[in-house]
Amino acid sequence: MSAAPAARLDALSLGFRERFLSYDELTRQVRAWADAFPELCRVTSIGRTPEERELWLLTLGSDPDRPRPSAWLDGNMHAGELCGSSVALAVAEDILRLHLRQDGEAASPASSALAAARLRDVRFYILPRMSPDGAEAVLASGRYVRSVPRDERPARAHAYWRCDDVDGDGLALSMRIRDAGGEMVESAEFPGLLLPRTVDDAAPYYKVYPEGVIENFDGNNVPTPHFLSDNQTDLNRNFPFFWAPDSKQEGAGAFPLSEIESRAVVEFATQHPEIFLWLNLHTFGGVFIRPLGDQPDTKMNQEDLALYRQLGAWAEELTGYPMVSGCEEFLYEPDTPLHGDLTDYAYHQRGAIAYAVELWDLFKQVGFERKKRFVDNYVQLTRADMLRLAAWDRDKNAGRVIRPWRRFAHPQLGEVEVGGIDPRVGLWNPPPEEMPRICATQAAHYLRVAALAPAVALDAVETAALSPELTRLTVTVANHGYLPTYILASAKALTHNEALWADARCSGCELADPDLAHREIGHLDGWGRGLFDGSGALYYALTRGTTGTRTVSWVVRGRGVVSLRVGSCRVGWTTRDVTVA
Ligand SMILES: [Zn+2]
């Protein structure tokens, strides 16, 4: 293939590596790829949102209907985390480029020709924007939405905040009101920046609320803002594994999969047992978060842990982000695991190598020392740290975050000021200048992991005459991939993690023993062992035996064609017709 298709691919980009696409632009982007490269790219909708937007899913790779090991990627399940959509599209574009380039040519400097060849046989499912309704609300006004901009809770008699653009400037940010009991003061160095008040600070002091109105306001008592006061469900608490109601888990939703978005994802995953890899994109922080979410590494399957250790080493090398245990470094409250989150579902219930990434390493860019537990980076910010952040915003982020305050006569609260923090670009998401690098490094890491896919092949098919009537047909089935055919050691018991089967169907001839037409041949190991699993030690460097191949044979009577089919729902099926002459 000439360079022309790759150049065509570049020409189709709507610029998602430098900016955030609206829903209409995202729709045009995925359709443009599907129209230009129908043999490599298919666009389907796995659901339609209440605001009538489609949940676009890209299926990438040649021969998209052939079942085979498949890798999943989703972005933007949280409304404000728009960078996830951009990274998802960048990965899709890199996969297309990989197919459009010459055989043997590497896809990127980080990917060898060997890895590229493996990746050309993997099927990819990419959902760039799980919450298009939420993303559109954030893009339009900057109002806070956790996942989806709707609320169906019947308990609505109490006073609560509803975010809105009250002053009509197109943005819904925050409001401050002078108050002798206020918890915040304005920075002397950075006008507009509010800081937590200390005992030495002089007035004025401020109360800070979302820009919006108070529903059921009694005229006196202002309700304390809550991030879910006008939007009910956090999609990442709505998945069915280890789900708990919202009395126990904020944002849980009315019941597991109560939302069309989470429901569509789970229905698709259930129909696709061949998904072996699941990356769930978030912002921000600059960290990969892996299982376990509820127990320390000592309780984790140690073969799984060795595999994740390898992924973590590549994460540091290719992206500069650490990979941490959800339980050990990412619990917001001590000993309080999250309920109903997506990667727990993908890991425990689907048996996929699942993890999340918080894109955009703001803390590192500002120059903060990494805290011992990663989650502490988000909360342990001193006043000096806040000032460094403000300086970074002014010098490196064109002042996009800290916005001026403007006076406004609020219909319920009287004299207020509107403005404050616009977190969209610089906090929740990287500035455009940082995005190309993030897209490139994340794609490199994801594709390296996807290249670990199991690869079952019929290596050798031999026939030997036993008598004028009888022929022995011998087949060697091998897994050439890194991963075993069961993917994760912890997932062996899942019902969709079936062992391999070998079928022999005759036409013209017949099997001497018809009972052997459908035979279980068990799972096959891959050649990978993760990192530091204890094997290959300096002082005892030996390998496994023949655990990655299996040889089976049938005796065939007469002349004809034997159709062989080997595989499982987990790794797909490999077929070959053998003529017995
Ligand atoms: Zn998130």
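These numbers come from a predicted model, not from an experiment.

A separate point is the overall build of the protein chain. Helices and strands together make up the secondary structure of the protein chain, namely 13 helices and 24 strands. For 581 residues, the compact-globule formula gives about 25 Å, and the C-alpha radius of gyration of the protein chain, at 27 Å, lands near that figure. With respect to the principal axes defined by its C-alpha atoms, the protein chain has extents near 105 × 55 × 50 Å. Going through the 581 residues of the protein chain one by one, you find that 57% of them count as buried. Summed over all atoms, the accessible surface of the protein chain reaches about 24700 Å², with 53% contributed by carbon and sulfur. Seen as two clouds, the 61 positive and the 79 negative side-chain charges of the protein chain have centres 3 Å apart.

Glancing now at the environment of P149. Considering the arrangement of structural elements, one finds P149 in the loop between α5 (132-141) and β5 (160-163). A residue is classified by how much of its surface remains accessible, and P149, at 18% relative accessible area, is buried. C-alpha of P149 to C-alpha of D133: the two residues are 16 residues apart in sequence and 6.7 Å apart in space.

Domain boundaries assigned for the protein chain yield domain 1 (4-138 + 233-360 + 429-450), domain 2 (153-230 + 392-421) and domain 3 (456-580). Computed from C-alpha coordinates alone, the two centres of domain 2 and domain 3 are separated by 65 Å.

How two aromatic rings sit relative to each other is given by the distance of their centres and the angle of their planes. This structure, assessed with the given rule, holds 22 aromatic pairs. Both rings, one in Y144 and one in W428, keep their centres 5.8 Å apart while their planes meet at 70°; by these two values the pair is edge-to-face. With Y144 in the loop between α5 and β5 and W428 in the loop between β16 (414-421) and α13 (435-450), this residue pair connects regions lying 284 residues apart in the sequence. Judged by relative accessible area, W428 falls into the buried class, the value being 18%. Ring geometry for W360 and W392: centres 5.7 Å apart, planes at 40°, overall tilted. Of this pair, W360 sits in the loop between β14 (353-359) and α10 (362-366) while W392 sits in helix α12 (residues 383-396); the two residues are 32 residues apart in sequence, bridging distant segments of the chain. Here a set of aromatic residues connected by ring pairs shows up, and it is made of W72, Y125, F239, F268, W278 and Y345. Cation over ring: R176 sits above Y206, and NZ or CZ is 4.2 Å from the ring centre.

Turning next to the sheet that holds strand β21 (residues 518-522). Taken together, four strands build an open sheet; the order of strands is β21-β19-β23-β24 and the sheet is antiparallel. With one partner strand each, in any of the chains shown, β21 and β24 (572-580) form the two edges of the open sheet. Across this sheet, the average inter-strand angle for adjacent strands is 20°, counted without regard to direction.

It is possible for side chains bearing opposite charge to pair when their charged atoms get close. By the definition in use, this model includes 43 salt bridges. Across the pair D167 and R406 runs a salt bridge whose closest N-O atoms are separated by 3.2 Å. One end of the pair, D167, is in the loop between β5 and β6 (174-178); the other, R406, is in strand β15 (residues 402-410), and 239 residues separate them in sequence. D201 is paired through a salt bridge with R383; the nearest N and O atoms lie 2.7 Å apart. Highlighted residues: D201 in the loop between β8 (194-196) and β9 (206-210) and R383 in helix α12, separated in sequence by 182 residues.

Glancing now at the sheet that holds strand β12 (residues 287-290). Spatially, β1-β2-β4-β3-β11-β14-β12-β13 is the arrangement adopted by the eight strands of the open sheet, whose pairing is mixed. Bordering the open sheet on either side are β1 (41-48) and β13 (323-325), each of which pairs with just one other strand. Here the strands of the sheet are splayed against their neighbours by 25° on average, with no regard to which way each runs. Sheet analysis places strand β2 (residues 54-60) next to strand β4 (residues 123-127), joined by three bridges and oriented antiparallel. Counterpart to T59 in the pairing with β4 is Y125. Here helix α7 (residues 302-319) sits on the sheet in contact with β12, β13 and β14, set at roughly 30° to β14.

A separate point is unusual backbone geometry. Residue P204 is reached from A203 by a cis peptide bond, and omega for that bond is 5°. Topologically, P204 is positioned in the loop between β8 and β9. A cis amide bond links P291 to the next residue, L292, at an omega of 0°. Relative to the helices and strands, L292 is located in the loop between β12 and α7. Phi at E52 is positive, roughly 65°, even though this residue is not glycine. Tracing the backbone through its elements, the reader meets E52 in the loop between β1 and β2. Residue class for E52 comes out exposed when judged on its relative accessible area of 58%. Phi angles above zero are rare outside glycine, and F532 is one such case at about 60°. Residue classification places F532 among the exposed residues on the basis of a relative accessible area of 67%.

Cut-offs used in this document
- Residues numbered from 1 in each chain as written.
- Predicted model: local features only at pLDDT ≥ 70, side-chain atom pairs only at ≥ 80, totals over all residues.
- Heavy atoms only, no water.
- Helix = DSSP H or I, 4+ residues; strand = E, 2+ residues; numbered from the N terminus.
- Rg over C-alpha atoms; globule rule 2.2 N^0.38 Å.
- Buried < 20%, exposed > 50% of the residue type's maximum accessible area, 1.4 Å probe, protein only.
- Areas by Shrake-Rupley, 256 points an atom, 1.4 Å probe, with all protein chains shown as cover.
- Lys, Arg positive; Asp, Glu negative; His and termini not counted.
- Charge placed at Lys NZ, Arg CZ, Asp CG, Glu CD.
- Domains from an automatic or database assignment.
- Phe/Tyr/Trp six-rings, centres within 6.5 Å; stacked < 30°, edge-to-face > 60°.
- Lys NZ or Arg CZ within 6 Å of the ring centre and 35° of its normal.
- Pairing = 2+ DSSP bridges.
- Axes fitted to C-alpha atoms, helices over the stretch in contact; angles between N-to-C directions.
- Salt bridge = Lys/Arg side-chain N within 4 Å of Asp/Glu carboxyl O.
- Contact = heavy atoms within 4.5 Å.

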